[in-house]
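As a plain string of letters, each chain reads:
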Amino acid sequence: MSSKQKAVNADLAREFGLSAEEYDRVLAIMGRTPSLTELGVFSVMWSEHCSYKSSRKWLRTLPTTAPWVIHGPGENAGVVDIGQGLAAIFKMESHNHPSFIEPYQGAATGVGGILRDVFTMGARPVANLNALRFGSPETPRTRQIVDGVVRGIGGYGNCVGVPTVGGEVNFHPAYDGNPLVNAMTVGVARQDKIFLSAAAGIGNPVVYVGSKTGRDGIHGATMSSAEFDENALAKRPTVQVGDPFVEKLLIEACLELMATDAIVAIQDMGAAGLTSSSVEMAGKGGVGIDLDLDAVPQREPNMTAYEMMLSESQERMLIVIKPERTEVARAIFEKWELDFAVIGHLTDTGNIVVRHKGQVEADIPLDPLAEQAPIYDRPTAPLPAPEPVGDIHDPLGLEQTLIRLVGCPDVASRAWIWNQYDSTVGGQTVRRPGGADAAIVKVEDTSIGLALTTDCTPRYCRANPKKGGAQAVAEAWRNITATGARPLAVTDNLNFGNPEKPEIMAQFVGAIEGIGEACRALDFPIVSGNVSLYNETRNPDGTTSAILPTPALGGLGVLDDVTKNVGLGMPENGTLILVGETKGHLGQSLWLREILGRETGDAPDVDLAAERRNGDFVREQITSGVVKACHDVSDGGILIAAAEMVMATGNGCELEPPQSGMRPEAFWFGEDQGRYLVAVEGDGKTFLAAAEKAGVPARVAAAIGGDCLVLPSGARVSAARLNVAHAAFFPALMDR
Amino acid sequence: MKAGIVVFPGTNRERDMAIALKAVTGHAPKILWHRDTELPELDLVVLPGGFSYGDYLRCGAMAAHSPIMREIRAFAEKGGHILGVCNGFQILTETGLLPGALLRNAGLRFLSQDCHLRVENSETPFTRRWKKGDVFRTPLAHGDGNYVADAETLKTLQGENRVAFRYAAPNGKMDAADRDSNPNGSLDAIAGILSANSRICGMMPHPEDLVDPLMGGEDGKPLFESLVEALVR
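Residues numbered from 1 in each chain as written. Chains lettered and ligands numbered in written order. Predicted model: local features only at pLDDT ≥ 70, side-chain atom pairs only at ≥ 80, totals over all residues. Heavy atoms only, no water.

Colleague: Could you give an account of the interface of chain A and chain B, naming the residues involved and the relevant values?
Modeller: Chain A puts 38 residues into the contact, and the matching count from chain B is 29 residues. Taking both partners together, chain A and chain B bury about 2700 Å²; carbon and sulfur atoms supply 50% of that area. Summed over the three residues of chain A that lose the most area to chain B, namely F245(A), N419(A) and R432(A), the buried surface amounts to 20% of that side. Connecting chain A to chain B are six salt bridges. Residues R109(B) and D147(A) are paired through a salt bridge, measuring 2.7 Å at the closest nitrogen-oxygen approach. In this structure, the connection of chain A to chain B is made through 16 residue pairs in polar contact (both at pLDDT 80 or more). Every element with two or more residues in the side of chain A that touches chain B is listed here: helix 8 (140–160), helix 10 (244–258), helix 13 (326–335), helix 16 (415–418) and strand 14 (429–431) of chain A. Looking at the side of chain A that touches chain B, the element that brings in the most residues is helix 8 of chain A, giving five residues. Split by residue class, the side of chain A that touches chain B holds 13 nonpolar, twelve polar and 13 charged. (Contact = heavy atoms within 4.5 Å. Buried area = accessible area lost by both parts, 1.4 Å probe. Salt bridge = Lys/Arg side-chain N within 4 Å of Asp/Glu carboxyl O. Polar contact = N/O pair within 3.5 Å; in protein donor to acceptor, adjacent residues only side chain to side chain. Helix = DSSP H or I, 4+ residues; strand = E, 2+ residues; numbered from the N terminus. Nonpolar A, V, L, I, M, F, W, Y, C, P; charged D, E, K, R; others polar.)

Colleague: Mind laying out the environment of L42(B), listing which residues take part and the relevant values?
Modeller: Residue and element names in this part refer to chain B. Mapped onto the elements, L42 comes out in the loop between strand 2 (30–33) and strand 3 (44–47). Note: C-alpha distance between L42 and K2 (40 residues apart in sequence) is 5.0 Å. Setting aside residues no more than four positions away along its own chain, L42 makes contact with K2, A3, G4, L32 and F75.

Colleague: Explain the packing of helix 15 (residues 398–406) of chain A against helix 22 (residues 637–649) of chain A to me, and be specific about the residues and the numbers.
Modeller: Residue and element names in this part refer to chain A. Helix 22 packs onto helix 15 with a crossing angle of 65° between their chain directions and a minimal axis gap of 10 Å. Judged by the inter-axis angle, helix 15 sits roughly perpendicular to helix 22. Crossing angle aside, the handedness with which helix 15 passes helix 22 is right-handed. Side by side, helix 15 and helix 22 meet where L398, L402, L405 and V406 of the first sit next to L639, I640, A643 and M647 of the second. Its residues assigned to classes, the contact of helix 15 with helix 22 comprises eight nonpolar, no polar and no charged. (Axes fitted to C-alpha atoms, helices over the stretch in contact; angles between N-to-C directions. Parallel < 35°, antiparallel > 145°, perpendicular 65-115°, else oblique. Left-handed = near helix turned anticlockwise from the far one by under 90°.)

So yeah, pure geometry; function would need other evidence.
This is the structure:
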């Protein structure tokens, strides 16, 4: 063993993120002091990021199966049956820590990484989405982070030619030191051409393709498993640098190779690079693997084994190939001007053996590396009861409140962001960002449409993690339903603070319980996901600030006949109907925060039976062709939902008075769940009768017509005026 | 009409273009590889959008030196028809087949949005299905679409009626200083230009992405129908 660089001991292990107990376990497995490279392998494989040691116990409780689920969690991405012999492959993943340190590259490589998770399974990526949380607009660094993240997502996605079709953005001071960048990719593959990562075939060559290995991103996975301190920005060298041009070539080359029968197994090199890809592929296949690092294409001279094994250089893949097909494969990668190198082979030893310059640098048994990985049942503290809502009054009146809310940071038009993302490349984008509750992308050469959305309401999750978790699932399901699509499955990206703090762990467990309950009730299983913990920043005074609990969900639904989708834009005439029960819940509402300046009260109840009944009814009506537009009622309640429909097309409507016996602001801005605004032709009587028959609450909300949102007082707020208020926030923040 | 679409490393709108061409001709165009050293018999060569060679160095600069470009130059000299869209337009200016250059957008940000184009010359193989002054909607998606040319070139383009399309407001009003209608800040609001023989057209926006009502409209279709009308023998 040659590891002269640094003495390996418990101190170095701690520096690498391993606890004393974990290091003892390493010593027991190895029966000797590990080499530096071996310690590096253990530390990244046992990092929170790679091992899910704090979350695994709870992730197991989530529902992951359904008749249409082909592969659930455990593969690079989730796979569901979308009909006609095709599968949708999708996943969402965080790149939070790198995006704070280096916003452009952090976000760009987040997109690159999630793309690879999807095309490694044989899918052509057809859509990207994202879920972004930024600090307060008043915090100076927020502007810089928004700018870098948006440029990074666009810079990468636009170049690889995958349309960015949707996403969500929130601002809150809790993200000041720790923005969240969650990126989602959806791809489509033939069900009989799906590629998995379990290695097989003793003696089969292990091939490295893509970019060369450099010294970037070393220990990135470990960085992502710790809180930030005041020196966070000095960690810039741990952030990887993306090259979307190479990624585009890699997509085309891999898909071309996948059309042959050369591949036994394939996996991208993501977090912990060569280490995690080789360990996971061999481990899943129950085989050993020998790597010869001299054969690894290298960008820099004199890289050590430790550096190569830990590098997170981007745009690389590891493939186990049929030996007789090696030259066919090599020719394809040479055509695309990418590196191709046989760097090892599979063995029957059950060990990973790493050789470099004639020395064995690592020799680790794979079974104990995986099986004895730490798993923690972290303690939880009882969650604090939500604060009382407090005194409710209406300081502004309906019209002023409306104008204020359509322009507030969490509702304001996101066009400034969307307009930097290519949303049409591929020629299959049926509903672009802002056109419908979920983006709609047609599957080329079929009648199928995919409905895609990302959702989470972090303020609900903080007040009540369980309700918040359930609400995020319900909203994703509802957004898909509102386009007429059938919700199929969901990917989760669980962003939380430090799980070693019982109150944070309680948030995590509560959210998982809510998510699981809602997924079961709505037949909407979790098929892939990612956990990002330690989203906290250490303040100069020694305390730490955690983000709001943010379990972001990425939902996928299918339209068998994509022409039967509806958008959210108000039509020229007809009747607007409110579906679902309005109780006037103002706790944690946007209205309460923006108008009264309070984040108090409990999150709204999520009645999953009503959610399902209302949604199934709305979808049935859309499919039958009587619905001209549909929009779910979420942030800001009924009045904001109606305003959004008006702003989308410029067509107006005249609102009916609120329900009697309820404060007007509770009716207009309450955020009760399970509700939709549905635009139908004529007076809506047929629709109301059908709703009554189905046991679904429904009432006329407005007569559609004109170019104003007409309030019950008779005040006319023109679509143009709403749009001016709606459009101002982002340009004012970013282009000043 | 026999059409061929050239794929360079980094090209990413070849499928969109193939769909649009197939929609009007009924059959799929040929896909050509940047290393090809001869062209099949073709009526139309299309250089589609994307990021050839990652837009590194300068947009289109490296693609302009691909082996196939020698053949495309010869094709042009023989009077062949060429359409370059977005990155394809950038490549045509880099090869010198069209004059001028495309710089960073005036706002220094990538732009992806709908714009409106006014047809300035309807007597070309690319525009004959429109009338002069017609306005149509089309998506654009680029970081470097700000057309520039020296004063003499601009005068030539204007004098020889070689501006095919200008960015305009939906009502047809053209104002080069107005960022709402001329989003990338192009000189004289120029969105597309023609060669002296009107057989080569370069434009930044993507009419190929608006040829199906399901995707929001068919406003881009007349361009492809014009080509079919002009080139089907």
